Amino acid sequence: MRVKTTVLARGAVALAAACFVGTAAAVPVYVFSTGNPQVDNAYRTALTARGHTVTIGVPWSGFDGTVALTGFRVVLMNKSANWTSSSVQVPVAGQQQLVQFVNNGGGVITTEWIVYDNGVSGGTSFATLAPILPVVYGSFWNSTLSTTMTRVTPEAIVNTGLPASFVAPNDNFSGAETRLLARTGATVFYQSSNTSATGVVGVGAAGWTVGRGRVASLSNMPGTSMLTNGDYATLVSNLVFWAGQTTPVCGADLNSDSELTFDDITIFIA
């Protein structure tokens, strides 16, 4: 019995590792600098380890329409450690560039406080970008220490290597999380326990197609805690694959059901 248990345990470890090394072609992703070198490095480490090519770019305030996005397939927007006020925004020319980028087939991923800023400013901040986002502000934010992300709509790319539910630590930059509500036509991939309530699905991660591209939004503002959490870092990575329209290859998913289960271990042992 001890031998059998040891074999199963070793099989589980081997299968879990396979999800992080078996990735498809790298997605070149441009990440807005958070203004915090440790967080920027956490993004680089987490995404590079999962198969992406990462460039830490200018902060949100410097994305003024002059940044060359040729060669990039995804832009990941941050306004977290360098958040200053809900009344200031990414320069309008930069927002226009992102809208065009998506319509031409690129991908954009937002983290907070972007949707929050647009909501509390009455739609003034990010007015140009907001129409392509899959979510709107849900009039609530929090400063909790962790959240449980629970799958709502199965999606093969987004679910790769992830359980149906997982707990992630929250990072706090003047707060931890925004209640996001999905727009009609958007797909909710995961909901957050912190921002959901009776009759309310607080989006943890959601996305949709715009023009020839894709846009996704996260309710959190990832920092070092979230980006070193295996499940949450995998969620961010999978959204980069999804927005870049590339499928990650999870070598551990031996029965191709987009989950790591006992069935995969059984096949592995056999």
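Residues numbered from 1 in each chain as written. Predicted model: local features only at pLDDT ≥ 70, side-chain atom pairs only at ≥ 80, totals over all residues. Heavy atoms only, no water.

*Asks:* Hey, could you run me through the packing of aromatic side chains in this one?
*Replies:* Tallying each qualifying case throughout the model produces 10 aromatic pairs. Judged by centre distance (5.3 Å) and plane angle (70°), the ring pair of Phe189 and Trp242 falls under edge-to-face. With Phe189 in strand S9 (residues 187–192) and Trp242 in helix H7 (residues 230–243), the pair connects residues that are 53 residues apart, well separated along the chain. Accessibility expressed as a relative area gives 5% for Trp242, which makes it buried. Of the aromatic side chains, those joined through ring pairs into one cluster are Trp83, Trp113, Tyr116, Tyr137 and Trp141. (Phe/Tyr/Trp six-rings, centres within 6.5 Å; stacked < 30°, edge-to-face > 60°. Helix = DSSP H or I, 4+ residues; strand = E, 2+ residues; numbered from the N terminus. Buried < 20%, exposed > 50% of the residue type's maximum accessible area, 1.4 Å probe, protein only.)

*Asks:* Would you mind showing me how to read the pattern of salt bridges here?
*Replies:* Once their charged atoms are close, side chains differing in charge can pair, the charge on each being opposite to the other. Evaluated as defined, the whole model comprises one salt bridge. Close ionic contact of Lys79 with Asp117 constitutes a salt bridge, the shortest N to O distance being 2.5 Å. Linking Lys79 in the loop between strand S3 (74–77) and helix H3 (92–103) with Asp117 in helix H4 (residues 114–120), this pair joins segments that are 38 residues apart in sequence. This pair shows no difference in class: Lys79 is buried, exactly as Asp117 is. (Salt bridge = Lys/Arg side-chain N within 4 Å of Asp/Glu carboxyl O.)

*Asks:* What should I look at first to understand the pairing of strand S10 (residues 203–210) in this one?
*Replies:* Moving residue by residue along a regular strand, the side chains alternate between the two faces of the sheet. With seven of its eight residues buried, S10 lies for the most part within the structure. With four bridges connecting them, S9 and S10 associate as antiparallel partners. If you follow Tyr190 over to S10, its bridge partner there is Ala205. Joining the antiparallel neighbours S10 and strand S11 (residues 213–218) is a turn of two residues, in which Gly211 adopts a positive phi near 55°. (Pairing = 2+ DSSP bridges.)

*Asks:* Explanation requested: the sheet that holds strand S6 (residues 146–151) in the structure shown.
*Replies:* Pairing between the strands of a sheet is mediated by backbone hydrogen bonds and can be parallel or antiparallel. Read across the sheet, nine strands follow the order S2-S1-S3-S4-S11-S10-S9-S6-S7 without closing on themselves; strand pairing throughout is mixed. Of all strands in the sheet, those with a lone pairing partner are strand S2 (53–59) and strand S7 (165–169), marking the two edges. Here the strands of the sheet are splayed against their neighbours by 20° on average, with no regard to which way each runs. Lying on the sheet, helix H2 (residues 37–49) is in contact with strand S1 (28–33), S2 and S3; it crosses S2 at an angle near 155°. H7 rests against S1, S3, strand S4 (107–110), S6, S7, S9, S10 and S11 of the sheet, and its axis sits at about 160° to S11. (Axes fitted to C-alpha atoms, helices over the stretch in contact; angles between N-to-C directions. Contact = heavy atoms within 4.5 Å.)

*Asks:* Honestly, the side chain of Asn229 in this entry has me stumped. Any pointers?
*Replies:* Relative to the helices and strands, Asn229 is located in the loop between helix H6 (224–227) and H7. When near neighbours in sequence (up to four residues on either side) are disregarded, Asn229 contacts Val167, Ala168 and Pro169.

*Asks:* How should H2 be read in this particular structure?
*Replies:* Structurally, the α-helix is built with 3.6 residues per turn, so residues lying three or four positions apart point the same way. Between the first and last C-alpha of H2 there are 18 Å, a value that for 13 residues agrees with the 18 Å anticipated at 1.5 Å per step. Where H2 is concerned, the buried positions are Val39, Asp40, Ala42, Tyr43, Ala46 and Leu47. With its buried residues spanning 155° around the axis, H2 presents them on a single face. Facing away from the buried side of H2 by over 90 degrees, the exposed positions are Pro37 and Gln38. Looking at the buried residues of H2, the elements they touch are S1, S2, S3, H6 and H7. Backbone nitrogen of Gln38 and a side-chain oxygen of the N-cap are separated by 2.9 Å at the start of H2; the cap is Asn36. In the stretch just after H2, Gly51 is the one whose phi turns positive, near 105°. (Expected span 1.5 Å × (residues − 1). Arc of directions from axis to C-beta. Polar contact = N/O pair within 3.5 Å; in protein donor to acceptor, adjacent residues only side chain to side chain.)

*Asks:* Sorry if this is basic, but what is going on with the side chain of Thr178 here?
*Replies:* Positionally, Thr178 belongs in strand S8 (residues 177–182). Assessed through its relative accessible area of 0%, Thr178 is described here as buried. Among the polar contacts made by the side chain of Thr178, one reaches the side chain of Glu112 at a distance of 3.0 Å. Discounting chain neighbours no more than four positions away, the residues touching Thr178 are Glu112, Trp113, Tyr116, Tyr137, Phe140, Trp141, Thr195 and Ser219.

*Asks:* I tried to follow unusual backbone geometry on my own but got confused; where do I start?
*Replies:* Glycine aside, a negative phi is what most residues show, and trans is what most peptide bonds show. With an omega of 25°, the peptide bond running from Glu112 to Trp113 counts as cis. In this model, Phe126 sits at a positive phi of 65°, which is unusual for a non-glycine residue. In this fold, Phe126 is placed in the loop between H4 and strand S5 (135–142). Residue Phe126 is classed as buried on the basis of its relative accessible area of 1%. Phi at Ser174 takes a positive value of approximately 65°, unusual for a residue other than glycine. Positionally, Ser174 belongs in the loop between S7 and S8. Here Ser174 falls in the exposed class, since its relative accessible area comes to 53%.

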